[in-house]
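# Report on the structure
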Amino acid sequence: MAQLSDDCFAFGGPLLGIEEAQTLILQRVAPLGGEEAVPLAEAAGRVLARPLLARTPLPPFFNSAVDGYAFRHADLNPDGETRLRLAGRVAAGEAASPLAPGTAARIFTGAPMPEGADTVMMQEDARTEGEALLLPPGLKPGSNARPAGEDIAQGAEALPEGSRLRAMEIGLAAALGHATLPVRPKLRVGIFSTGDELAEPGAALGPAQTFDSNRFTLMALAARLPCAVSDLGILPDDRDATARALRDAASRHDLLLSSGGVSTGEEDHVRAAVEAAGRLVFWRLALKPGRPAAMGVVDGTPMVGLPGNPVAAVVTFLHLARPLILRLAGARPEILPRFAASSRFSYRKKSGRREYVRVALRSGEAGLQAEKFPREGAGLLSSLTLSDAFAELQEGVTEVSPGDALAVLPFSSLF
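Note that the coordinates shown come from a computational prediction; the quantities given were computed from them, not determined experimentally. Every chain is numbered independently, its residues counted from 1 as its sequence is written. Local features in this predicted model are restricted to residues of pLDDT 70 or higher, and side-chain atom pairs are both shown and tallied only at a pLDDT of 80 or more, whereas totals for entire chains, interfaces and linings draw on every residue. Side-chain numbers come from the whole structure's heavy atoms, not from hydrogens or water.

### Here's the deal with the overall build of the protein chain
Secondary structure elements follow DSSP: runs of H or I of four or more residues count as helices, runs of E of two or more count as strands, with numbering from the N terminus. Counting its secondary structure elements, the protein chain contains eight helices and 28 strands. Over its C-alpha atoms the protein chain spans a radius of gyration of 30 Å, topping by over 25% the 22 Å that the globule rule assigns to 415 residues. Residue exposure (1.4 Å probe, protein chains only): buried if accessible area is under 20% of the type maximum, exposed if over 50%, otherwise partly exposed. Put simply, the protein chain has 415 residues, and 48% of those count as buried. Sequence-distant contacts, at least 24 apart, represent 72% of the contacts inside the protein chain between residues at least 6 apart. Areas reported here follow the Shrake-Rupley algorithm with a probe of radius 1.4 Å; residue values treat only the protein chains shown as occluding. Per element, the accessible surface of the protein chain, about 19000 Å² overall, is 50% carbon and sulfur. For this count, His and the chain ends are skipped, Lys and Arg are scored as positive, and Asp and Glu as negative. To locate a charge, take atom NZ for lysine, CZ for arginine, CG for aspartate or CD for glutamate. Between the mean site of the 42 positive side-chain charges and the mean site of the 48 negative ones, the protein chain shows a separation of 2 Å. Atoms considered for the radius of gyration are the C-alpha atoms alone. The globule rule reads 2.2 Å times the number of residues to the power 0.38. Only heavy atoms enter the contact rule, under which two residues are in contact if any of them lie within 4.5 Å.

Here it is, written out as structure tokens:
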């Protein structure tokens with residue numbers, strides 16, 4: 001359970017930059033403790049609780065990297081063709097007999113090198129005549145052979161603490177003989193929406209209601225991270241009821257996420273409820289879309305209040321909630337992936353804030369190109385389904401013209 005002081009996020013400035021917010025999280029939030037062992041088949045997406053050491057060298061023995069012929073490099077004629085007697089065959093999984101000087105062994109990829117052999121000639125570069133092997137000159141010692149520990153030495157750190165376990169990390173752990181991995185417990189994240197104007201999908205809509213979409217978007221985003229997600233439903237527009245719900249949820253979760261109700265309007269009750277149940281440090285981020293975002297603490301449990309507009313909720317989740325989740329889960333910091341593209345649109349923005357523009361990506365002769373979604377508005381859900389990426393416009397940028405270089409954050413790597 002996260003136990004934070006009420007003022008751990010305290011910030012007194014008017015607008016907080018994205019990097020400042022993320023630095024504040026890294027400096028003032030400690031990862032949760034705990035460790036559990038999980039089988040390899042269940043480890044995907046989890047966070048490694050301590051460094052993983054190599055129990056054996058990788059590869060575990062000297063072996064051939066190709067199908068070919070193994071021999072002693074000292075037997076080669078440096079000035080012309082070499083003729084060696086074929087005296088053995090070694091397949092993968094078989095033990096190899098020692099190799100006498102002046103002889104060679106047929107060998108296959110992954111098979112152990114015979115004692116005495118140190119070099120392999122690829123089969124397509126060699127010739128045979130009966131029981132003789134003919135080798136051209138010029139091969140370097142140790143060619144096409146993999147020494148034991150070439151990849152990772154025995155006892156070395158194979159994976160650092162805090163690694164998020166992807167297919168590659170799990171495969172490496174398996175190659176080193178680990179059947180289970182020590183991981184951090186999943187972060188318990190409770191997610192709710194706020195507002196009497198919201199209805200559950202599938203229910204009957206009232207005359208002034210819309211279906212709640214943000215909650216399901218945020219649950220799907222959090223589920224891709226090392227989280228156990230709880231659906232806390234829709235809270236009413238009532239400060240006291242919201243405060244009671246927050247206290248109850250805080251006792252059962254490590255982090256609370258909400259959308260809507262964190263601005264300064266009379267009907268924005270989440271801010272008042274958090275102030276009643278704990279402490280709210282209202283962060284006005286230098287960000288578009290997504291400036292009205294809040295961060296607070298309820299009975300030691302951190303809470304992030306995201307904007308109610310769907311696109312703004314997604315943008316602030318990526319830059320505020322995501323790094324906080326990774327920090328609490330004990331994961332190493334991760335930079336959101338960015339690719340280079342050229343603009344196919346004109347756009348003007350204010351200085352001093354970061355903006356994320358929805359774009360479709362096209363591949364052309366000049367490389368990757370970004371075309372802006374034709375309509376504005378942080379409430380346009382279709383702008384996310386019909387776009388491929390966010391174009392990131394830095395604080396100092398005030399104008400974008402066709403052909404300008406852009407950094408884009410592709411949805412395929414974010415969601």
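### Some remarks on the nonpolar core
In these notes, a set of buried Ala, Val, Leu, Ile, Met, Phe, Trp, Tyr and Cys residues joined through side-chain atoms within 4.5 Å is what counts as a nonpolar core. The biggest cluster of nonpolar side chains holds 46 residues, and the ones touching the most others in it are Leu255, Leu257, Phe317 and Phe390. Of all the secondary-structure elements, those providing two or more residues to this core are helix 1 (18–28), strand 13 (187–194), helix 3 (214–223), strand 17 (255–259), strand 20 (292–298), strand 21 (301–306), helix 6 (310–328) and helix 8 (411–414). With sequence-adjacent residues up to four places away left out, Phe317 is seen in contact with Leu218, Leu221, Ala222, Leu225, Leu257, Leu306, Arg322, Pro323 and Ile325. In this structure, Val38, Ala43, Leu181 and Val183 belong to the second largest nonpolar core, which totals 17 residues.

### Comments concerning helix 1
Since the α-helix packs 3.6 residues into each turn, any two residues three or four apart lie on the same face. Residues Ile18, Ala21, Leu24 and Ile25 constitute the buried set of helix 1. With its buried residues spanning 125° around the axis, helix 1 presents them on a single face. Along the arc lie the directions from the helix axis toward the C-beta atoms.

### Things to note about the pairing of strand 6 (residues 103–107)
The buried fraction of strand 6 is high, at four of five residues. Two strands make a pair as long as DSSP finds a minimum of two bridges between them. Bridging between strand 4 (residues 68–71) and strand 6 involves four bridges; their strand directions are antiparallel. The partner of Gly68 across the bridge, within strand 6, is Ile107. One ladder, built from four bridges, connects strand 5 (residues 82–90) with strand 6; its direction is parallel. Among the inter-strand pairings, Leu86 is bridged to a residue of strand 6, identified as Ala104.

### What to know about the layout of surface pockets
Estimates place the volume of the largest pocket at around 360 Å³. Gln22, Pro323, Pro333, Glu334 and Ile335 are the residues nearest the centre of the largest pocket, which is lined by 19 residues in total. Elements represented by at least two residues in the lining of the largest pocket include exactly helix 1 and helix 6. Looking at the lining of the largest pocket element by element, the count peaks at six residues for helix 6. As defined here, a cavity is a set of points on a 1 Å grid over the protein atoms alone where a 1.4 Å probe fits but cannot get out. A pocket is an open set with protein on both sides within 12 Å along at least five of seven lines, and residues line them when an atom is within 4 Å of a point. Grid points are joined across faces, edges and corners, and a volume is the space filled by probe spheres set on the points.

### Some remarks on the side chain of Ser163
Note that Ser163 resides in the loop between strand 11 (157–159) and helix 2 (167–175). Once you skip the residues sitting within four places of it in the chain, Ser163 turns out to touch Arg46, Val47, Leu48 and Arg332.

### Details of the pattern of salt bridges
Whenever a carboxyl oxygen of Asp or Glu lies within 4 Å of a side-chain nitrogen of Lys or Arg, that contact is scored as a salt bridge. On inspection of all chains with the given rule, the structure shows 24 salt bridges. Between Glu334 and Arg164 there is a salt bridge; the shortest N-O distance is 2.7 Å. A residue pair is termed long-range when its members are at least 10 positions apart, and Glu334 in the loop between helix 6 and strand 22 (339–343) and Arg164 in the loop between strand 11 and helix 2 qualify at 170 residues. By relative accessible area, which is 31% here, Glu334 ends up partly exposed.

### Description of empty space enclosed by the protein
Sizing a probe to match a water molecule and rolling it over the atoms shows the empty space that remains. Applying the stated rule across the entire model yields one cavity of 30 Å³ or more. By volume, the largest cavity is sized at about 40 Å³. As for the largest cavity, its lining consists of eleven residues, of which Val274, Leu280, Ala294, Met303 and Gly305 are closest to the centre. Those elements giving two or more residues to the lining of the largest cavity turn out to be helix 5 (269–277), strand 20 and strand 21.

### Observations regarding the sheet that holds strand 6
Spatially, 7-4-6-5-9-8 is the arrangement adopted by the six strands of the open sheet, whose pairing is mixed. In this open sheet, the two edge strands, each paired with only one partner strand, are strand 7 (119–122) and strand 8 (127–129). Sheet twist, expressed as the mean angle between neighbouring strand axes with direction ignored, is 40°. Orientation is described by lines fitted to C-alpha atoms, with helices fitted over the stretch in contact, and by angles between N-to-C directions that extend from 0 to 180 degrees.

### Details of the pairing of strand 13
Of all eight residues that make up strand 13, seven are buried, and the element is covered over most of its length. Looking at chain direction, strand 13 and strand 16 (residues 227–235) are connected through seven bridges and run parallel. Among the inter-strand pairings, Val189 is bridged to a residue of strand 16, identified as Val229. Across five bridges, strand 13 lies against strand 17 in parallel orientation. Opposite Ser193, over in strand 17, you have Ser259 as the bridge partner.

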